[in-house]
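# Notes for the structure review
Each chain, letter by letter, is given below.
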Amino acid sequence: MAVNKGPMLLDGDLPEQENVLQRVMQLPVVSGTCECFQKTYASTKEAHPLVASVCNAYEKGVQGASSLAAWGMEPVVRRLSTQFTAANELACRGLDHLEEKIPALQYPPEKIASELKDTISSRLRSARNSISMPIASTSDKVLGATLAGCELAWGVARETA
């Protein structure tokens, strides 16, 4: 997904540029994780009224602080808009590269978790087998030698009896 560099619109403006933050939030792995956190947060607030009242107070405080910060930063943002645009374009190209190299970014979290579980399970089975097979083989040899020694001892005991 490259940055829009198409033709100008009828009113002379360029089409709206891609925003790297919006693109990152649209990745299934990111949006799915955020949904999970939102559900957990909401259910925690619902289950615990005291926690909910504290969270609501903090939410209002954060909203007020972020509004004040946005208002105070507006002149800086306006002055640095060219640099922000360049950084956004560069970040979008970097995200394009990541999406090419890491296709799992497009997978839903459930699929990633399932594949990760399968991979870990197979590695653990392989490790267990690589440890247990030599032990089993050695114990078979020891048991075989012990059995042979017992049979020899029984044979000697029978002959002497």
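For the structure, check the block above.
The paragraphs below set out a description of the structure included in this document. (Residues numbered from 1 in each chain as written. Predicted model: local features only at pLDDT ≥ 70, side-chain atom pairs only at ≥ 80, totals over all residues. Heavy atoms only, no water.)

## Here we look at the pattern of salt bridges
Quick note on the threshold: A pairing counts as a salt bridge when a side-chain nitrogen of Lys or Arg comes within 4 Å of a carboxyl oxygen of Asp or Glu. Numbering of helices and strands starts at the N terminus; helices are DSSP runs of H or I of at least 4 residues and strands are runs of E of at least 2. Accessibility here uses a 1.4 Å probe with only protein chains present; expressed as a share of the type maximum, an area under 20% marks a residue as buried, one over 50% as exposed, and anything in between as partly exposed.
A full pass over the atoms with the stated rule returns six salt bridges. Note that R23 and E99 form a salt bridge whose closest N and O atoms lie 2.9 Å from each other. Residue R23 is located in helix α1 (residues 20–26), and its partner E99 is located in helix α4 (residues 81–101); the two are separated by 76 residues in the primary sequence. In terms of burial, R23 and E99 fall into one category: buried. E74 is the salt-bridge partner of R78, the closest N and O atoms lying 3.7 Å from each other. Of this pair, R78 and E74 are both found in helix α3 (residues 49–79), four residues apart, which corresponds to roughly one turn of the helix.

## Digging into the nonpolar core
Applicable threshold: Note on terminology: a nonpolar core comprises buried Ala, Val, Leu, Ile, Met, Phe, Trp, Tyr and Cys residues joined through side-chain atoms within 4.5 Å. By the convention used here, residues are in contact when the closest approach between their heavy atoms is within 4.5 Å.
Of all hydrophobic cores here, the largest spans five residues; its members are V20, L27, C92, L95 and L105. With near-sequence residues (within four places) excluded, V20 lies in contact with N88, A91, C92 and L95.

## A short note on the side chain of N88
Assignment of secondary structure puts N88 in helix α4. The buried category is assigned to N88, whose relative accessible area is 14%.

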